[in-house]
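What follows is the residue order along each chain.
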Protein chains: 2
Amino acid sequence: MNIVLLEPSQTACAEQWLIENPRQLQHLKQHVQLNIGDTLKIGIRHGQRYLTEVLNISEQRIVLKPIQVEDVPEKLPVHLILALPRPKVLRRIIMDAVTLGVERISLIHSYRVDKSYWQSPFLQQLNDYVTLGLEQAGDTVEPEIQMYKRFKPFVEDVLPSLISAEKPAYVAHPYADQSMPHAIQQTCTVIVGPEGGFIPYEIELLKKNGCQAMCLGNRILRTETAISYILGRLIV
Amino acid sequence: MNIVLLEPSQTACAEQWLIENPRQLQHLKQHVQLNIGDTLKIGIRHGQRYLTEVLNISEQRIVLKPIQVEDVPEKLPVHLILALPRPKVLRRIIMDAVTLGVERISLIHSYRVDKSYWQSPFLQQLNDYVTLGLEQAGDTVEPEIQMYKRFKPFVEDVLPSLISAEKPAYVAHPYADQSMPHAIQQTCTVIVGPEGGFIPYEIELLKKNGCQAMCLGNRILRTETAISYILGRLIV
């Protein structure tokens with residue numbers, strides 16, 4: 001947690017902002033030795049970031065006063081399309097994608113995505129994972145998140161409208177001939193398959209609808225490792 | 001698990017190789033519907049990789065016959081120096097670094113590394129984490145792993161001998177002016193600090209001893225995210 005993310009309602013009073021969320025209070029208690037008069041970095045969801053001063057600390061709340069505005073980091077001009085991950089790794093993957101700053105996340109179905117994943121209670125907690133990612137990055141702006149439970153309609157009807165010469169789409173695929181490019185200077189879409197990868201039919205359909213299959217060398221990475229590896233590689 | 005890693009002793013008989021490790025048997029049973037006559041990718045620790053044929057399957061063992069030799073992926077020419085991570089994330093970080101193919105890993109102390117981390121029982125399980133990383137990547141060759149429990153002697157006495165004009169050392173530091181380079185064509189050392197980062201004294205000492213501090217943009221990444229992000233960025 002590199003900033004504490006507050007809701008706009010918590011900062012309605014210009015001179016007295018309140019941290020009252022138990023998770024945030026617990027984290028600060030455990031990891032930050034906060035004293036009255038200390039400064040604390042605060043973000044307002046969808047809004048500005050501020051340096052604040054701690055006015056008061058109790059078990060139930062921390063009272064803050066804004067001192068100065070700070071820069072909110074820019075988003076990466078990337079739309080990340082992910083085969084829905086296993087519930088167990090969903091939290092980490094969403095949190096990482098948000099921390100890295102992708103502008104938009106689409107979760108899609110694929111042959112090797114177990115249908116039960118779409119029923120996972122973790123899918124109801126996406127907002128919490130987004131908050132954790134924003135607090136890690138020091139960001140305040142949530143990415144757009146969509147879900148598409150059918151692969152073919154998504155690839156044939158939605159995906160083509162997202163791709164153009166100025167906005168390429170790269171699908172990570174261990175058996176592609178070309179390598180994922182470095183430091184591209186444009187907006188792009190990155191598609192990452194499930195554990196076990198997309199099946200050949202899916203790769204073909206993605207290619208037919210405008211995607212370029214790109215390999216990441218001859219090591220097979222876990223999804224979560226692949227995402228940060230690809231973004232580190234693509235983004236200037 | 002994209003290959004099953006066997007010890008050389010398990011492949012001593014040229015025509016009958018045995019998988020007897022309960023973890024590996026359990027994984028195959030759970031995730032791979034293996035039948036007699038199927039092929040299976042096998043690596044021999046420190047040795048070759050093979051495509052094999054399944055000759056027999058029982059509760060206690062799987063019997064295989066090698067069919068053909070396969071390529072072992074090359075290592076990245078990177079020495080990763082890490083402030084010892086929290087025990088809870090150590091497994092994932094070591095596994096990822098091995099999967100990504102770093103040649104050498106050094107775990108070092110730093111001001112923000114809790115001294116108790118050096119007593120963690122997880123440190124006794126590094127070999128297991130390495131095995132998991134190799135099996136994920138399809139690799140057979142363990143990286144060299146060293147530990148240095150004192151920061152200053154390591155930085156002053158060991159580190160300088162690892163750095164040269166042809167072999168730069170980059171320390172990831174959020175407040176550096178320069179950005180981590182892209183697609184360098186040389187061997188390098190990458191240094192990643194603990195949660196909360198290196199303290200200014202440590203950054204100064206690293207710089208005095210030949211390291212270049214490089215930032216990763218204005219988002220603060222978790223250690224595990226930073227490692228794959230940096231390697232994606234640096235490596236051609």
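Bear in mind that the values here come from a model prediction, so they are computed numbers and not experimental data.

Novice: I'd love a proper account of the packing of aromatic side chains, names of residues and values included.
Specialist: Residue and element names in this part refer to chain A. This structure, assessed with the given rule, holds six aromatic pairs over all chains. Ring centres 5.0 Å apart and planes at 85° place the aromatic pair Trp-17 and Tyr-50 in the edge-to-face group. Here Trp-17, found in strand 2 (residues 17–19), pairs with Tyr-50, found in strand 4 (residues 49–57); they are 33 residues apart in sequence, far enough to count as distant. Trp-17 gets classed as buried once you look at its relative accessible area, which sits at 4%.

Novice: Describe in detail the interface of chain B and chain A, supporting the description with residues and values.
Specialist: If you look at the interface, chain B gives 30 residues, while chain A gives 30 residues. Overall, the association of chain B and chain A removes approximately 2600 Å² of surface from exposure, summing both partners, and the carbon and sulfur fraction of that is 52%. Across the chain B-chain A interface, the total number found is four salt bridges. Here A:Arg222 and B:Asp96 are joined by a salt bridge, their closest N and O atoms 2.9 Å apart. On inspection of chain B and its partner chain A, the count reaches 15 residue pairs in polar contact (both at pLDDT 80 or more). The dominant element in the side of chain B that touches chain A, judged by the number of residues it contributes, is helix 6 (residues 223–234) of chain B, at seven residues. When its residues are assigned to classes, the side of chain B that touches chain A shows 12 nonpolar, nine polar and nine charged.

Novice: So what's going on with the sheet that holds strand 9 (residues 169–172) of chain B? Which residues, and what values?
Specialist: Where strands meet in a sheet, backbone hydrogen bonds hold them as pairs that are either parallel or antiparallel. Residues and elements named next belong to chain B. Across the sheet, which stays open at both edges, the six strands sit in the order 8-7-6-10-9-11 with parallel pairing between neighbours. Each end of this open sheet is capped by a strand with a single partner; those strands are strand 8 (144–148) and strand 11 (211–214). For this sheet the average axis-to-axis angle between neighbouring strands, irrespective of direction, equals 20°. Relative to strand 10 (residues 188–192), strand 6 (residues 76–83) is paired through five bridges, and the arrangement is parallel. Paired with Ile-81 across the strands is Ile-191, a residue of strand 10. Along the sheet, helix 5 (residues 200–208) contacts strand 9, strand 10 and strand 11; its crossing angle with strand 11, the most-contacted strand, is approximately 130°. The sheet strands contacting helix 6 are strand 6, strand 7 (102–108), strand 9 and strand 10, and the helix crosses strand 10 at an angle near 155°.

Novice: An account of the pairing of strand 6 (residues 76–83) of chain A is requested, with residue identities and associated values reported.
Specialist: All names here are of chain A. Counting buried residues along strand 6, seven of its eight residues qualify, which places the element largely inside the surrounding structure. Bridge count for strand 6 against strand 7 (residues 102–108) is six bridges, and the pairing is parallel. Its bridge partner lying in strand 7, Leu-80 is registered against Ile-105.

Novice: Tell me about the pattern of salt bridges, residues and numbers included.
Specialist: Side chains that carry opposite charge are capable of pairing whenever their charged atoms lie near each other. Considering all chains together, one arrives at 34 salt bridges over all chains under this definition. Ionic pairing is found between B:Arg219 and A:Asp139, a salt bridge with its closest N-O pair at 2.9 Å. One end of the pair, B:Arg219, is in the loop between strand 11 and helix 6; the other, A:Asp139, is in the loop between helix 3 (126–137) and strand 8 (144–148), on a second chain. Residue classification places A:Asp139 among the buried residues on the basis of a relative accessible area of 0%. A salt bridge links B:Arg23 to B:Glu135; its shortest N-O distance comes to 2.9 Å. Pair noted here: B:Arg23 is in helix 1 (residues 22–31) and B:Glu135 is in helix 3 (residues 126–137), with a separation of 112 residues, a long-range link.

Novice: Run through the relation of the copies chain B and chain A, naming residues and quoting values.
Specialist: The operation relating chain B to chain A is a screw motion whose rotation component is 180°, with 0.0 Å of axial translation and a residual RMSD of 0.0 Å. Overall, the copies show the geometry of a two-fold rotation axis.

Novice: Please give an account of the sheet that holds strand 4 of chain A that cites residues and values.
Specialist: Residue and element names in this part refer to chain A. Taken in spatial order, the five strands make up an open sheet running 1-3-4-5-2, and their pairing is mixed. Unpaired on one side and paired on the other, strand 1 (4–6) and strand 2 mark the two borders of the sheet. On average, each strand axis in the sheet is inclined to that of its neighbour by 45°, with strand direction left out of account. By the bridge criterion, eight bridges tie strand 4 to strand 5 (residues 62–70) in an arrangement that is antiparallel.

Novice: Report on the domain arrangement of chain A, specifying residues and quantitative values.
Specialist: Residues and elements named next belong to chain A. Segmenting chain A into domains produces domain 1 (4–70) and domain 2 (76–234). Here the C-alpha centre of domain 2 lies 33 Å away from the C-alpha centre of domain 1. Counting residues at the interface gives 11 residues for domain 1, matched by nine residues for domain 2. A buried area of about 770 Å², summed over both sides, lies between domain 1 and domain 2, and 46% of it is on carbon and sulfur atoms.

Novice: So, the packing of helix 2 (residues 87–100) of chain B against helix 3 of chain B: which residues are in play, and what are the values?
Specialist: For any two helices packed against each other, the geometry is given by the interaxial angle and the distance between the axes. All names here are of chain B. Running from N to C, helix 2 and helix 3 point in directions that differ by 45°, and their axes come no closer than 7 Å. Relative to helix 3, helix 2 is oriented oblique. Remark: the crossing between helix 2 and helix 3 carries right-handed chirality. Across the interface between the two elements, Leu-90, Arg-91, Ile-94, Met-95, Val-98 and Thr-99 from helix 2 touch Leu-126, Tyr-129, Val-130, Leu-132, Gly-133, Leu-134, Gln-136 and Ala-137 from helix 3. A class-by-class count of the residues in the contact of helix 2 with helix 3 yields 10 nonpolar, three polar and one charged.

Procedures and definitions
Residues numbered from 1 in each chain as written. Chains lettered and ligands numbered in written order. Predicted model: local features only at pLDDT ≥ 70, side-chain atom pairs only at ≥ 80, totals over all residues. Heavy atoms only, no water. Phe/Tyr/Trp six-rings, centres within 6.5 Å; stacked < 30°, edge-to-face > 60°. Helix = DSSP H or I, 4+ residues; strand = E, 2+ residues; numbered from the N terminus. Buried < 20%, exposed > 50% of the residue type's maximum accessible area, 1.4 Å probe, protein only. Contact = heavy atoms within 4.5 Å. Buried area = accessible area lost by both parts, 1.4 Å probe. Salt bridge = Lys/Arg side-chain N within 4 Å of Asp/Glu carboxyl O. Polar contact = N/O pair within 3.5 Å; in protein donor to acceptor, adjacent residues only side chain to side chain. Nonpolar A, V, L, I, M, F, W, Y, C, P; charged D, E, K, R; others polar. Pairing = 2+ DSSP bridges. Axes fitted to C-alpha atoms, helices over the stretch in contact; angles between N-to-C directions. Least-squares fit on C-alpha atoms with pLDDT ≥ 70 in both. Domains from an automatic or database assignment. Parallel < 35°, antiparallel > 145°, perpendicular 65-115°, else oblique. Left-handed = near helix turned anticlockwise from the far one by under 90°.

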